[in-house]
Amino acid sequence: MNADRDFLKGNEALAYGALRTGLNAYYGYPITPSSEIPETLAAEFGRGTYPEFRAFVQAASELEAINMTIGTAATGAKAMTATSGPGFSLKQEGISYAAAMELPLLIVDVNRSGPGLGNLGPEQSDYFQATKGGGHGGYRNIVLAPDSVPEMALFPSLGFELAFRYRMPVILLADAFLGQLKEDLTFPEVPAREFDTSWAVTGARGDHRHVLSSLHLELPDQSRHVEHLRSKYEEIVGAEQRSEEIATADAEVVIVAYGICARLARAAVRSLRDRSVRVGLLRPITLAPFPQDRLNALIDGGVRNLLVVELNSGQMVEDVRLVAEGRARVESLERVGGLLPSSGEVEAAAEDLTSSGDLRSALEAMVQ
Amino acid sequence: MKTEVIVAGHGGQGVLELANWLAYFHLVNGRHVAYTPSYGPETRGGKVKCYVVASDEPIDSPIVEAPDLLIAMNIPSLDYLPLLKSGGTLLVNSSLVQEVPGRSDVIVVEVPAIDLAAALAPYSPVPGKDTSIAANSVMLGAVLAIAHDDWAREQALIEGVFRHFLTDRKAAYIPLNVQAVKSGFEFTSRLEASSVASPAPPLAATAR
């Protein structure tokens, strides 16, 4: 390791990651715990360090911000907006329009506690809204879930790559913990990527008429369009599932966790392995498409116990159960309100699912 | 080698800055670091707490559940004392905390940080301005002394840490802060030398 590593908050790292990947425009309305993103971008705007960064607007509302992002994305430029839960709800209408118009844009949600105003603590309760198409109409989009500051820095690049490859909004779902957490990182060298923008509106330059619209008044047209969006997502399900695994090869129990919960799970797995308890971790990196192929492979390979750890009242656990289809026991450890489980609680919950844990519970039941 | 620290106090004491500097000091020493701030909506007076983890290996969880070191800048910070690892160190700002609740299995180091900082008036960039605000830097010096670091070796690194964070207008405060670190280091070193039994603490800030 060398000494020229950076030391940044997750939100700051995300902002610099976006700038280094050639961000052209940012529009947003600040909201804790995501505000360091616009703060960092505002400080860099106009400095000349990132000449491609040509627009920064603190909009009057989230509605303005998402629609400005849409407008810029329609020209083929790299546009981003960032927010937290209440603002993410307000942006859903725009995300639906962007999905319909097949626009590549990056939307960051630094998940705080909800519903309503909630509080500023970390939650993962926007999982459904992010992964199931939170706006109206039927659409799906890619959702990326970093679990460290280095990934907060790296994922804007991956997000834009996927957004342009598939022409769709990509959501980067972080949590309040990751936004505020500071870690050491070395920025990866991101090659400047030129994406295909032949579809973009050009102001009739060269007299090509490009129309980006979400309105298809003829019923068969709309039907074809929705089928097109659906087949595109099916292609993504086949090609873009991403996950990380730790110690799953011989695991009796596999923890499924993302974001800050994956960090707790890493510590729990290490500690349990030190005691020869066969526990592993499957960390979804894409929440959508959900890494169902790897989970299926683990179940096919004999894993019969899954523990989902998440900061909500049970959301990702539904996707895990859908994949498991009754072939594995699926339990969950949930915390809400901005609270986190301790690594000891994660360890105990995982150990309870092992055969020795089962035996102990059975003995305790007999004693009672 | 992993070191886990909780720094606690109230808003306005520079708790987050102290944690920030400590984390960055570990970073320039080649270690992985994680820093997690936690504070209420108030700018001053609210409860502030920060986790710092430094490790030679990549850090699994940034959450500190059982610290090796608790830095208590005020009385309410002692709420975290039950979490301190057995054999760990409680570093107390004795300018504000006169009575330390007993825990026989931990090392207690009492440093009058505000008083030591207030005595550094000659180093104030603004003549006559109270320098007790540098109490957080005094505590940083105490942490280095607890880890048996060598001041002659660390001074340049500490100056580098301050140059990294205290830029523009704040740069004028670098000499004061370096003196404050030195003051805390020297006070704590003398304390350690004079104590009858000084078991080697479990944390080495600069394991090289």
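Above this text you will find the structure in question.
To start, this report covers the structure provided alongside it.

Rules used throughout
- Residues numbered from 1 in each chain as written.
- Chains lettered and ligands numbered in written order.
- Predicted model: local features only at pLDDT ≥ 70, side-chain atom pairs only at ≥ 80, totals over all residues.
- Pairing = 2+ DSSP bridges.
- Helix = DSSP H or I, 4+ residues; strand = E, 2+ residues; numbered from the N terminus.
- Right-handed = clockwise from strand over helix to strand, strands pointing away.
- Buried ≥ 20, exposed ≤ 12 C-beta atoms within 10 Å, placed from the backbone.
- Contact = placed C-beta atoms within 7 Å.
- Axes fitted to C-alpha atoms, helices over the stretch in contact; angles between N-to-C directions.
- Core = buried A, V, L, I, M, F, W, Y, C linked by C-beta atoms within 7 Å.
- Parallel < 35°, antiparallel > 145°, perpendicular 65-115°, else oblique.
- Left-handed = near helix turned anticlockwise from the far one by under 90°.

**Concerning the pairing of strand β15 (residues 329–334) of chain A**
Residues and elements named next belong to chain A.
At step 1: Where strand β14 (residues 305–310) and β15 come together, six bridges link them in parallel fashion. Bridge pairing in β15 links Val309 to Leu333.
At step 2: In this view, the connection linking β14 to its parallel neighbour β15 by way of helix α11 (residues 316–324) has right-handed handedness.

**Regarding helix α2 (residues 36–44) of chain A**
Residues and elements named next belong to chain A.
At step 1: For α2, every residue scored as buried is listed here: Glu36, Ile37, Pro38, Thr40 and Leu41.
At step 2: Looking at the buried residues of α2, the elements they touch are β1 (6–9), α1 (10–20), β2 (25–28), β3 (55–58), β4 (79–83) and β5 (106–113).
At step 3: In the stretch just after α2, Gly46 is the one whose phi turns positive, near 85°.

**Notes on the pairing of strand β5 (residues 89–93) of chain B**
Residue and element names in this part refer to chain B.
At step 1: Among the five residues in β5, five count as buried, and that is most of the element.
At step 2: Every second residue of β5 is oriented toward a common face, with Thr89, Leu91 and Asn93 on one face and Leu90 and Val92 on the other, all of them buried.
At step 3: Pairing between strand β4 (residues 69–72) and β5: four bridges, direction parallel. Along β5, the bridge assignment pairs Leu70 with Leu90.
At step 4: Here β5 runs beside strand β6 (residues 107–111); their pairing, made up of five bridges, is parallel. Among the inter-strand pairings, Asn93 is bridged to a residue of β6, identified as Val111.

**Some details on the sheet that holds β14(A)**
Residue and element names in this part refer to chain A.
At step 1: What the five strands build is an open sheet, ordered β10-β12-β11-β14-β15; its pairing is mixed. The two strands at the open ends of the sheet, each matched to only one other strand, are β10 (243–246) and β15. Pairs of neighbouring strands in the sheet enclose a mean axial angle of 20°, with direction left out of account.
At step 2: Contacts between α11 and the sheet are confined to β11 (253–256), β14 and β15, with β14 contributing the most and set at about 160° to the helix.

**Describing the sheet that holds strand β3 (residues 47–55) of chain B**
At step 1: Taking strand neighbours across the sheet as the criterion, the eight strands line up as β1(A)-β9(A)-β2(B)-β3(B)-β1(B)-β4(B)-β5(B)-β6(B) in an open arrangement whose pairing is mixed. Here the strands that pair on one side only, and so sit at the sheet edges, are β1 of chain A together with β6 of chain B. Across this sheet, the average inter-strand angle for adjacent strands is 15°, counted without regard to direction.
At step 2: Set on the sheet, helix α6 (residues 149–166) of chain A makes contact with β1 and β9 (182–185) of chain A; between it and β9(A) the angle comes to about 70°.
At step 3: Where helix α1 (residues 15–28) of chain B meets the sheet, it contacts β1 and β9 of chain A together with β1 (2–10), β2 (32–39) and β3 of chain B, and its direction lies at approximately 5° from that of β3(B).

**Details of the nonpolar core**
At step 1: Residues A:Ile255, A:Ala265, B:Val52, B:Leu91 and B:Met139 are the most contacted members of the largest nonpolar core, which totals 173 residues.
At step 2: Broken down by element, this core gets its largest block of residues, 10 residues, from α6(A).
At step 3: If near-sequence neighbours (up to four positions away) are discounted, A:Ile255 is found in contact with A:Ala265, A:Ala268, A:Val269, A:Val279, A:Leu281, A:Leu307, A:Val309 and A:Ala350.

**Observations regarding the packing of helix α3 (residues 135–146) of chain B against helix α5 (residues 174–194) of chain B**
All names here are of chain B.
At step 1: Orientation of α3 relative to α5, taken along the N-to-C sense of each, is 45°, at an axis distance of 6 Å. In terms of orientation, α3 lies oblique with respect to α5. Handedness of the crossing formed by α3 with α5: right-handed. On α5, the residues touching Ser137, Val138, Met139, Leu140, Gly141, Ala142, Leu144, Ala145 and Ile146 of α3 are Asn177, Ala180, Val181, Lys182, Ser183, Gly184, Phe185, Thr188, Ser189 and Glu192.

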